[in-house]
Amino acid sequence: MNIFLISVGNRMPGWVRQGYQEYARRISGELNLNLIEIAPGKRGKNADLTRTLNDEGERMLKAIPKGCRVITLEIEGRAWSTQQLARKMGNWLEAGGDLALLVGGPEGLAESCRQRADSRWSLSPLTLPHPLVRVLISEQIYRALSLLRNHPYHRG
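What follows is about the pattern of salt bridges. Counted by the stated rule, this structure contains 12 salt bridges. R25 serves as the salt-bridge partner of E22, at 2.7 Å between the closest nitrogen and oxygen. Note that E22 and R25 are positioned in helix α1 (residues 14-27) at a spacing of 3 residues, about one turn of the helix. Residue class for R25 comes out exposed when judged on its relative accessible area of 52%.

This is how it looks when you write it as structure tokens:
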């Protein structure tokens with residue numbers, strides 16, 4: 001199974017790259033976590049943010065590999081406990097197919113991405129910076145897999 005983390009933003013700080021890569025490395029085996037970075041649109045004093053958001057959304061949708069189940073990460077999504085995520089992960093692994101997780105930029109996700117979603121996942125009711133979300137997602141996927149594998153990483 002492949003999980004594609006499709007995220008707006010590039011040129012991340014070293015700690016973001018290191019954190020993401022550490023968990024992506026630990027996950028590899030029966031599952032591969034693949035990062036697809038979408039270059040952010042222009043933002044600035046006279047930027048048309050609606051147009052920017054729609055353009056980013058279009059590029060995100062084009063980056064989704066065929067046949068993927070799509071999950072958007074957004075505040076309005078459903079919060080899952082680690083155990084719930086592990087059960088979902090087990091179901092996804094059993095069903096086969098790939099998964100695409102969409103993470104928007106500073107203005108969030110385009111409506112077209114939200115409409116394409118099979119489900120919505122909220123990591124927190126807090127607004128989180130999208131670079132941090134990369135690290136959190138990779139860690140939570142690793143944690144869910146460790147639960148499925150009875151690995152001692154998750155002691156919760």
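A separate point is the packing of aromatic side chains. On inspection of all chains with the given rule, the structure shows 4 aromatic pairs. Between Y23 and Y142, the ring centres sit 6.0 Å apart and the planes meet at 45°, which makes this aromatic pair tilted. Of this pair, Y23 sits in helix α1 while Y142 sits in helix α5 (residues 130-148), and the two are 119 residues apart along the sequence. Taking relative accessible area as the criterion, Y142 reaches 9% and is therefore assigned buried. On the basis of an interplanar angle of 70° and a centroid distance of 4.7 Å, the ring pair of Y142 and Y153 is categorised as edge-to-face.

This next bit is on the layout of surface pockets. Estimated volume of the largest pocket: approximately 410 Å³. Residue lining of the largest pocket: 22 residues in total, with L73, E74, I75, G108 and L128 positioned closest to the centre. When residues of the lining of the largest pocket are traced back to their parent elements, those giving at least two are β3 (69-79), β5 (119-122) and α5. Broken down by element, the residue count for the lining of the largest pocket peaks at 4 residues, all from β3. Among the residues forming the lining of the largest pocket, the class breakdown is 11 nonpolar, 7 polar and 4 charged.

Conventions and cut-offs
- Residues numbered from 1 in each chain as written.
- Predicted model: local features only at pLDDT ≥ 70, side-chain atom pairs only at ≥ 80, totals over all residues.
- Heavy atoms only, no water.
- Salt bridge = Lys/Arg side-chain N within 4 Å of Asp/Glu carboxyl O.
- Helix = DSSP H or I, 4+ residues; strand = E, 2+ residues; numbered from the N terminus.
- Buried < 20%, exposed > 50% of the residue type's maximum accessible area, 1.4 Å probe, protein only.
- Phe/Tyr/Trp six-rings, centres within 6.5 Å; stacked < 30°, edge-to-face > 60°.
- 1 Å grid on protein atoms, 1.4 Å probe; cavity = no way out; pocket = protein on both sides within 12 Å on 5 of 7 lines; lining within 4 Å.
- Points joined across faces, edges and corners; volume = space filled by probe spheres on them.
- Nonpolar A, V, L, I, M, F, W, Y, C, P; charged D, E, K, R; others polar.

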